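Here are the chains, one letter per residue:
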Amino acid sequence: AAIIPNNGIYVFANSKWHSFNQSNGITDLDFISVHTFGSAVYFSNTSGFYKIENGKISPDLTYHYFGKKHLVLAMNTVRNNSQNTLWILTDNQIGYIERNKFVPVVDNLNHKYNQREKYFSLIPNYFNSIVWGSAIEINTYNKSTGIRGELTDDNGLIDDGSSDMFLDREQILWISSFRG
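None of these values were measured; they are calculated from a predicted model. (Residues numbered from 1 in each chain as written. Predicted model: local features only at pLDDT ≥ 70, side-chain atom pairs only at ≥ 80, totals over all residues. Heavy atoms only, no water.)

Trainee: Would you mind showing me how to read the sheet that holds strand E8 (residues 72-80) here?
Mentor: An order of E8-E9-E10-E11 is seen for the 4 strands of this open sheet, with the pairing classed as antiparallel. At either margin of the open sheet sits one strand with a lone partner, and together these are E8 and strand E11 (101-107). Strand-to-strand twist across the sheet, computed as the mean angle between neighbouring axes with direction ignored, equals 25°. Both strand E10 (residues 93-98) and E11 contribute to a ladder of 6 bridges, which runs antiparallel. Following the sheet pairing, Tyr-96 is matched in E11 by Val-103. (Pairing = 2+ DSSP bridges. Helix = DSSP H or I, 4+ residues; strand = E, 2+ residues; numbered from the N terminus. Axes fitted to C-alpha atoms, helices over the stretch in contact; angles between N-to-C directions.)

Trainee: How should I be thinking about the nonpolar core in this particular structure?
Mentor: Grouped burial of nonpolar side chains is what soluble globular proteins tend to show. If you look at the biggest cluster of nonpolar residues, it comprises 15 residues, and the most contacted ones within it are Trp-87, Leu-89, Ile-94, Leu-122, Ile-130 and Trp-132. Among the elements of the structure, E8, strand E9 (83-90), E10 and strand E13 (129-133) are those that each provide at least two residues to this core. Element by element, the count of residues in this core is highest for E8, at 3 residues. If we skip the residues at most four places from it in the chain, Leu-89 touches Leu-71, Val-72, Leu-73, Ala-74, Ile-94, Asn-108, Phe-120, Ser-121, Leu-122 and Trp-132. Residues Phe-37, Ala-40, Met-75 and Ile-88 belong to the second largest nonpolar core, which totals 13 residues. (Core = buried A, V, L, I, M, F, W, Y, C linked by side-chain atoms within 4.5 Å. Buried < 20%, exposed > 50% of the residue type's maximum accessible area, 1.4 Å probe, protein only. Contact = heavy atoms within 4.5 Å.)

Trainee: For this particular structure, what's the right way to read the sheet that holds strand E3 (residues 16-20)?
Mentor: Hydrogen bonding along the main chain pairs the strands of a sheet, whether they run parallel or antiparallel. The 3 strands lie next to each other as E1-E2-E3, forming an open sheet whose pairing is antiparallel. Each edge of the open sheet is held by one strand with a lone partner, namely strand E1 (2-4) and E3. Ignoring which end each strand starts from, the neighbouring axes of this sheet average 30° apart. As paired strands, E1 and strand E2 (residues 8-13) are joined by 3 bridges and run antiparallel to one another. By the bridge assignment for E2, Ile-4 is matched with Gly-8.

Trainee: It is not clear to me how the side chain of Ser-177 should be interpreted in this structure. Could you clarify?
Mentor: Relative to the helices and strands, Ser-177 resides in the segment after strand E17 (173-176). At 3.1 Å, the side chain of Ser-177 and the backbone nitrogen of Arg-179 are in polar contact. Among residues more than four places away in sequence, those in contact with Ser-177 are Ile-158, Asp-159, Gly-161, Ser-162 and Ser-163. (Polar contact = N/O pair within 3.5 Å; in protein donor to acceptor, adjacent residues only side chain to side chain.)

Trainee: It is not clear to me how a nonpolar patch on the surface should be interpreted in this structure. Could you clarify?
Mentor: On the surface, Phe-166, Ile-172 and Trp-174 cluster together to form a nonpolar patch covering roughly 360 Å² of accessible area. With respect to the helices and strands, Ile-172 occurs in the loop between strand E16 (164-167) and E17. What makes Ile-172 partly exposed here is its relative accessible area of 43%. (Patch = residues over 30% accessible without salt bridge, like charges linked within 9 Å, V, L, I, M, F, W, Y side chains within 5 Å. Areas by Shrake-Rupley, 256 points an atom, 1.4 Å probe, with all protein chains shown as cover. Salt bridge = Lys/Arg side-chain N within 4 Å of Asp/Glu carboxyl O.)

Trainee: Looking at this structure, I do not really get the confidence of the model for the protein chain. What am I missing?
Mentor: The predicted structure's coordinates, where accompanied by low pLDDT, should not be read in detail. Mean pLDDT over the protein chain stands at 88; residues scoring 70 or higher make up 98%. For the protein chain, E1 is the element with the lowest average pLDDT, namely 85, and strand E14 (residues 138-142) is the one with the highest, namely 94. (pLDDT = per-residue confidence, 0-100.)

Trainee: Any chance you could explain the packing of aromatic side chains here in plain terms?
Mentor: We describe a pair of aromatic rings using the distance from one ring centre to the other and the angle between the two ring planes. Enumeration over the complete set of coordinates arrives at 12 aromatic pairs. Seen in terms of ring centroids, Phe-31 and Phe-43 are 5.8 Å apart; in terms of plane orientation they differ by 70°. Their pairing is edge-to-face. One end of the pair, Phe-31, is in strand E4 (residues 31-37); the other, Phe-43, is in strand E5 (residues 40-45), with 12 residues separating them in the sequence. Taken together, the ring pairs in this structure connect Phe-37, Tyr-42, Phe-49, Tyr-65, Phe-66 and Phe-102 into an aromatic cluster. (Phe/Tyr/Trp six-rings, centres within 6.5 Å; stacked < 30°, edge-to-face > 60°.)

Trainee: Just to check I follow, could you spell out the side chain of Ser-33 for this structure?
Mentor: Relative to the helices and strands, Ser-33 is located in strand E4. Ser-33 gets classed as buried once you look at its relative accessible area, which sits at 8%.

Trainee: Just checking my understanding: could you explain the environment of Val-11 for this structure?
Mentor: Here Val-11 lies in strand E2. Sequence-distant contacts of Val-11, defined by excluding residues within four places in its chain, comprise Ala-1, Lys-16, Trp-17, His-18, Phe-20, Val-41 and Ile-52.

This is how it looks when you write it as structure tokens:
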């Protein structure tokens with residue numbers, strides 16, 4: 001799946017690209033995040049959190065999963081014991097979907113969606129820690145100890161924020177920033 005700003009979401013299925021935009025009912029083209037999970041494509045914009053499955057867009061899932069309005073900033077898939085889990089970073093919490101319910105793990109105290117803070121990333125399985133960040137800062141949370149931390153230029157990074165993060169199969173965390 002791909003987002004084209006101010007145009008829509010494009011999903012490659014059955015050997016061709018399908019577009020989802022205002023003609024399909026997406027009224028807000030200010031997209032924040034998109035993620036493929038199983039046969040569905042989840043996306044968020046400033047109006048809500050949605051799923052595209054079998055060529056159809058769901059109603060807003062925000063209240064279903066979170067009980068109140070949250071902005072979904074980033075998503076990632078973790079594979080454990082042959083089962084995939086969808087992890088979600090919102091403007092207030094980090095957690096995962098289990099049995100069609102959101103299970104919160106830790107509060108997101110630092111990152112809010114605004115014009116200055118963009119490029120959200122979520123790595124929920126870095127050994128026993130969650131790593132999440134934006135263009136402004138990168139945070140960590142150890143799931144065993146509950147200790148929070150930050151990854152900054154004081155820890156050896158070239159910058160305090162990230163433009164993206166990736167965890168490879170050898171469990172090496174790759175962080176890109178605007179300075180390298």
